[in-house]
Amino acid sequence: MSTPERDVRAVLEESGPDYDDFSFERPTAGHQGEVFLVTLVHAGDEYEVVVKFQTDGDDAAFAIEPYLHEYVADRTDVPVPRILVYKSEPELDVPPYFVTERVEGENLAESLAAIDPAVRARVVEQAGRILGAMHAEIAFEGFGRLGLADDRLVVQDLTWDWRQFFRDIVGAYVANLEDSPFDDLQDQALAYLDDAIEVIPTQGVPRLVHDDFRPANMLFDRAAAEPITTVLDWQFALAGDPAYHIARTDFLFIDPAFEDEGTRADLRERLYAGYREHREFEPDADYQRQRTVYHFATLLWRMAGFDAAFAEQSGLAQARAEARFRQQFDAIGGSLPEA
């Protein structure tokens, strides 16, 4: 019978170094799938690795993540843990897995709102630098989800129409609301989206978009000049419009996380300043209109994942979160621009 201890032990037996004993724990936040932080003891010394197992039958989707770890690390200074082992067909009876080096740090989602404002500003500015580095160094010939073909990174179902690809992405978010507490908002969400979609450009320069670039998928060290120590969970990466990635990051890091408009404006400027270290960017009137649409799309994505995100919360916490999402839906949806 498969258990976490049995599966982690099997990985260490198949791919790990010598060890006398080991222990493991699950991360406290973020991470898609079965992830374990493993501590090994050998000759009195301790060292740590991270083991991630495939949780479904989509071999291609799982394979893209370890590939992107190395691809991004080789081309940018984005903090990504190196892959130590990847087994698509393990010899032992465990799912496909990969092992990465362990990077120290706290989960950013548990600390962003509570940390010192100066540290928070450095975090957000570094997030901008990370986006800028990705967009400056990794471009594609068209828009689409990323995959592998003959051990090469490719854009699947490539299109040159960013607006249509974005519309398809958001349409999937709306469809997923059916299995959430917000199924009653599906028709209104589509109406809002279709009224504003013409604001989104059809053309652009396709760049690497992480698409799950949020505090829960980052570790940080508050004492470091560059606080973000690693960016995790690359399996949803795509070739997309840079403005979409910037606006999505703005929403997930800044707005609506902070109620004070002055705080939001200051952090947004830090995000843009970090980005400009690698790439030009001007948040002009066209971007501001697009930004609202991208914020609405990101809100729908969060709402569609409500049950998974709040599964371990109390009923009261879930009710408060649902009410907050509904308020945001009305506020952002009602402020969407018309073409």
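Before going into details, it helps to say that this report is about the structure given with it. (Residues numbered from 1 in each chain as written. Predicted model: local features only at pLDDT ≥ 70, side-chain atom pairs only at ≥ 80, totals over all residues. Heavy atoms only, no water.)

1. So, the side chain of His210
- With respect to the secondary-structure elements, His210 resides in the loop between strand E9 (207-209) and strand E10 (218-220).
- The class of His210 is buried, set by a relative accessible area of 0%.
- Side-chain polar atoms of His210 contact the backbone nitrogen of Phe213, separated by 3.1 Å.
- Looking at His210, its side chain comes within polar contact range of the main-chain oxygen of Asp233, at 3.1 Å.
- Apart from the residues within four sequence positions on either side, His210 is in contact with Met134, Val231, Leu232, Asp233, Trp234, Phe236, Ala237 and His245. (Helix = DSSP H or I, 4+ residues; strand = E, 2+ residues; numbered from the N terminus. Buried < 20%, exposed > 50% of the residue type's maximum accessible area, 1.4 Å probe, protein only. Polar contact = N/O pair within 3.5 Å; in protein donor to acceptor, adjacent residues only side chain to side chain. Contact = heavy atoms within 4.5 Å.)

2. Things to note about the environment of Ala175
- Looking at where Ala175 falls in the secondary structure, it is placed in helix H4 (residues 162-176).
- Classification of Ala175 as partly exposed rests on a relative accessible area of 43%.
- In this structure the C-alpha to C-alpha distance between Ala175 and Ala304, which are 129 residues apart in sequence, comes to 8.4 Å.

3. Digging into a negative patch on the surface
- Residues Glu259, Asp260, Asp266, Glu269, Glu282, Asp284 and Asp286 make up a contiguous surface patch of negative charge.
- Tracing the chain through its elements places Asp286 in helix H8 (residues 285-304).
- For Asp286, a relative accessible area of 51% gives the class exposed. (Patch = residues over 30% accessible without salt bridge, like charges linked within 9 Å, V, L, I, M, F, W, Y side chains within 5 Å. Areas by Shrake-Rupley, 256 points an atom, 1.4 Å probe, with all protein chains shown as cover. Salt bridge = Lys/Arg side-chain N within 4 Å of Asp/Glu carboxyl O. Lys, Arg positive; Asp, Glu negative; His and termini not counted. Charge placed at Lys NZ, Arg CZ, Asp CG, Glu CD.)

4. Comments concerning the nonpolar core
- In this structure, Leu146, Phe166, Phe253 and Leu300 are the most contacted members of the largest nonpolar core, which totals 81 residues.
- With 9 residues, helix H3 (residues 117-137) is the largest single contributor of residues to this core.
- Ignoring any residue separated from it by four or fewer positions in sequence, one finds Phe253 in contact with Leu108, Leu112, Val123, Ala127, Phe213, Arg214, Pro215, Met218 and Phe258.
- Listed in part, the 16 residues of the second largest apolar core include Val8, Ala10, Phe36 and Leu40. (Core = buried A, V, L, I, M, F, W, Y, C linked by side-chain atoms within 4.5 Å.)

5. Some words on the environment of Gly128
- Mapping Gly128 onto the fold places it in helix H3.
- A relative accessible area of 0% places Gly128 in the buried class.
- Remark: the alpha-carbon pair of Gly128 and Thr249, spanning 121 residues in sequence, is separated by 8.5 Å.

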